[in-house]
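Listed here are the chains, written in short residue letters.
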Amino acid sequence: MRLDLAAERKATVAPRRWRAAVGKVLIYGGLTLLALIFVYPLFLMVITAFKSTREIFLDPFGLPSRWSLEPFITVWRRANFSTYFRNSVLVTAASTVLVLTCSSLAAYALGRYRFRLNNALYIFFLAGIMIPIRLGVLPLFLLMRNLNLLDTHWSLILTYAASGMPMSVFLLTGFFRTLPRELEYAARIDGCSEFQTFSRVMLPLVRPGLATVTIVNFVPWWNDFFFPLLFIQSDELKTIPLGMTIFFGQYMTDWGLLFAGMLIASLPLLLLYLVMSRQFIEGLTAGAVKG
């Protein structure tokens, strides 16, 4: 009888293990295929950056005939790329610092305190997510003109910070609301002021949220072409996306140098994600369960 039960158990366990193994193979195979789909365009951009325009059209998917850093040196010198790169870093970094400072303060007040206009202010910020900022291009342009901010970096910094506030406040408010009240009480017993409680106790605990806000805003601002085209006229103030138009001629486009510039421009984004990837993933997974 025992032998029959043991044989029956083996007969039922074996198919389960086989199905589990097949399921894992299918899942990992699908994930590998998905990763290749996302990585291949990046790989294609890298190898294209080492080719000339003629070689790109002759063999668009093949490896370059020779690996040389000459296209990158040419881009850096000929296109005044160092100036565009510096402008992009300045504008994007200043916008990120401004939106992190303002949104964290606003989210702390909305998430930790209850007052009469709490819900109204929260809905006000949420409305900014639903209304595209490009709908207000004309009033925004007139506002910058009246403030004498056209053709300055401040026009971009203030526009980016304002456009990033709604989503940033929404994300950070969810993180602040989950922090236990006992931390505030302990900080006040230790003699911390309200700002010290915020900056020394609460803010370090929402680092995943801050990393998420940084990446979510930094990437589109770094790649933005629309607002620099709208506000910036001087060549020495242009950012990378606007400065890259130098490679688009009326009758010919230097695709080799264009891809080399694109690769250089993508390196800061890759570095940012590598530095903040752990906090960013924690922020995404924590946000999935936050109310």
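As the structure is a computational prediction, the values presented were derived from the model and not from experiment. (Residues numbered from 1 in each chain as written. Predicted model: local features only at pLDDT ≥ 70, side-chain atom pairs only at ≥ 80, totals over all residues. Heavy atoms only, no water.)

A.B. asks: Whenever I open this one, the nonpolar core confuses me. Can you help?
C.D. replies: As a rule of thumb, soluble globular proteins bury nonpolar side chains together. Among the nonpolar cores identified, the biggest contains 22 residues, and Phe72, Val75, Phe81, Trp222, Ile240, Met244 and Phe247 are the most heavily contacted of them. Here the element with the most residues in this core is helix H13 (residues 255–287); it accounts for 8 residues. Ranked by size, the runner-up nonpolar core spans 20 residues in total, among them Tyr122, Leu156, Leu237 and Leu242. (Core = buried A, V, L, I, M, F, W, Y, C linked by side-chain atoms within 4.5 Å. Buried < 20%, exposed > 50% of the residue type's maximum accessible area, 1.4 Å probe, protein only. Helix = DSSP H or I, 4+ residues; strand = E, 2+ residues; numbered from the N terminus.)

A.B. asks: What is the right way to look at the side chain of glutamate 184 in this model?
C.D. replies: Along the chain, the position of glutamate 184 falls in helix H8 (residues 181–189). Beyond its immediate stretch of four places on either side in the chain, glutamate 184 contacts Tyr108, Arg112, Thr197 and Met202. (Contact = heavy atoms within 4.5 Å.)

A.B. asks: Before we go on, may I ask you to explain the pattern of salt bridges in this structure?
C.D. replies: Pairing between side chains becomes possible if they bear opposite charge and their charged atoms approach one another. One pass over the structure, following the stated rule, counts 7 salt bridges. Between arginine 66 and glutamate 70 there is a salt bridge, and its shortest N-O distance comes to 3.4 Å. The salt bridge involving aspartate 235 is made with lysine 238; its shortest N-O contact spans 3.8 Å. Put simply, Arg112, Arg181, Glu184, Arg188 and Glu194 are held in one network by salt bridges that share partners. (Salt bridge = Lys/Arg side-chain N within 4 Å of Asp/Glu carboxyl O.)

A.B. asks: What exactly am I supposed to notice about the packing of helix H7 (residues 153–177) against helix H10 (residues 207–223) here?
C.D. replies: When two helices pack together, their arrangement is given by the angle between the helix axes and the distance between those axes. Viewed as axis vectors pointing N to C, H7 and H10 meet at an angle of 155°, and their least axial separation amounts to 10 Å. In terms of axis orientation, H7 runs roughly antiparallel to H10. Note that H7 runs across H10; the crossing there is right-handed. Across from Tyr160, Ala161, Ser163, Gly164, Met167, Ser168, Leu171, Leu172 and Phe175 in H7, the residues of H10 making contact are Pro208, Gly209, Leu210, Thr212, Val213, Val216, Asn217 and Trp221. Among the residues forming the contact of H7 with H10, the class breakdown is 11 nonpolar, 6 polar and no charged. (Axes fitted to C-alpha atoms, helices over the stretch in contact; angles between N-to-C directions. Parallel < 35°, antiparallel > 145°, perpendicular 65-115°, else oblique. Left-handed = near helix turned anticlockwise from the far one by under 90°. Nonpolar A, V, L, I, M, F, W, Y, C, P; charged D, E, K, R; others polar.)

A.B. asks: Is there a simple way to explain H10 in this structure?
C.D. replies: Side chains three or four residues apart in an α-helix point the same way, a direct result of the helix having 3.6 residues per turn. Over its 17 residues, H10 runs 24 Å from end to end, which matches the ideal 24 Å to within 8%, given 1.5 Å per residue. Extensive coverage of H10 is indicated by the burial of 12 of its 17 residues. Those residues of H10 lying buried are Pro208, Gly209, Leu210, Ala211, Thr212, Val213, Thr214, Ile215, Asn217, Phe218, Trp221 and Trp222. (Expected span 1.5 Å × (residues − 1).)

A.B. asks: Is there a simple way to think about the packing of aromatic side chains in this case?
C.D. replies: For any two aromatic rings, the description comes down to two numbers: the centre-to-centre distance and the angle of the planes. Enumeration according to the criterion identifies 17 aromatic pairs in this entry. Judged by centre distance (5.8 Å) and plane angle (45°), the ring pair of tryptophan 76 and phenylalanine 81 falls under tilted. Judged by its relative accessible area of 38%, tryptophan 76 is partly exposed. Since its relative accessible area comes to 1%, phenylalanine 81 is described here as buried. An angle of 80° between the planes, with centres 5.5 Å apart, marks the rings of tyrosine 108 and phenylalanine 176 as edge-to-face. (Phe/Tyr/Trp six-rings, centres within 6.5 Å; stacked < 30°, edge-to-face > 60°.)

A.B. asks: Whenever I open this one, the layout of surface pockets confuses me. Can you help?
C.D. replies: Taking a probe equal in size to a water molecule and rolling it over the atoms shows the remaining empty space. Quantified by volume, the largest pocket comes out at close to 310 Å³. If you list the elements that add at least two residues to the lining of the largest pocket, you get helix H1 (2–49), H10 and H13. At 8 residues, the largest contribution of residues to the lining of the largest pocket is made by H13. Partitioned by chemical class, the residues of the lining of the largest pocket number 14 nonpolar, 1 polar and no charged. (1 Å grid on protein atoms, 1.4 Å probe; cavity = no way out; pocket = protein on both sides within 12 Å on 5 of 7 lines; lining within 4 Å. Points joined across faces, edges and corners; volume = space filled by probe spheres on them.)

A.B. asks: Could you clarify how one ought to interpret the confidence of the model for the protein chain in this entry?
C.D. replies: Low-pLDDT stretches of the model should not have their predicted coordinates read in fine detail. Taken over all residues, the pLDDT of the protein chain has a mean of 83, while the share at 70 or more is 89%. When the criterion is pLDDT under 50, residues 287–291 qualifies, and its contacts beyond four places in sequence or with other chains add up to 5 contacts. (pLDDT = per-residue confidence, 0-100.)

A.B. asks: Where do I start with the packing of H8 against helix H9 (residues 194–205) in this structure?
C.D. replies: At a minimum axis separation of 10 Å, H8 and H9 run at an interaxial angle of 135°. As far as their axial angle goes, H9 and H8 are oblique. The chirality of how H8 crosses H9 is right-handed. Listed contacts from H9 to Leu183, Glu184, Ala187 and Arg188 of H8 are Glu194, Thr197, Val201, Met202 and Leu205. Taken together, the residues that form the contact of H8 with H9 break down as 5 nonpolar, 1 polar and 3 charged.

A.B. asks: Just to check I follow, could you spell out empty space enclosed by the protein for this structure?
C.D. replies: Per the counting criterion, the structure on display carries 1 cavity of 30 Å³ or more. Taken together, Ser88, Val91, Thr92, Leu156, Tyr160, Trp221, Trp222, Asp224, Pro228, Thr239 and Pro241 make up the lining of the largest cavity. Residue assignment for the lining of the largest cavity shows that the elements contributing at least two residues are helix H4 (81–112), H7 and H10. Looking at the lining of the largest cavity, the element that brings in the most residues is H4, giving 3 residues.

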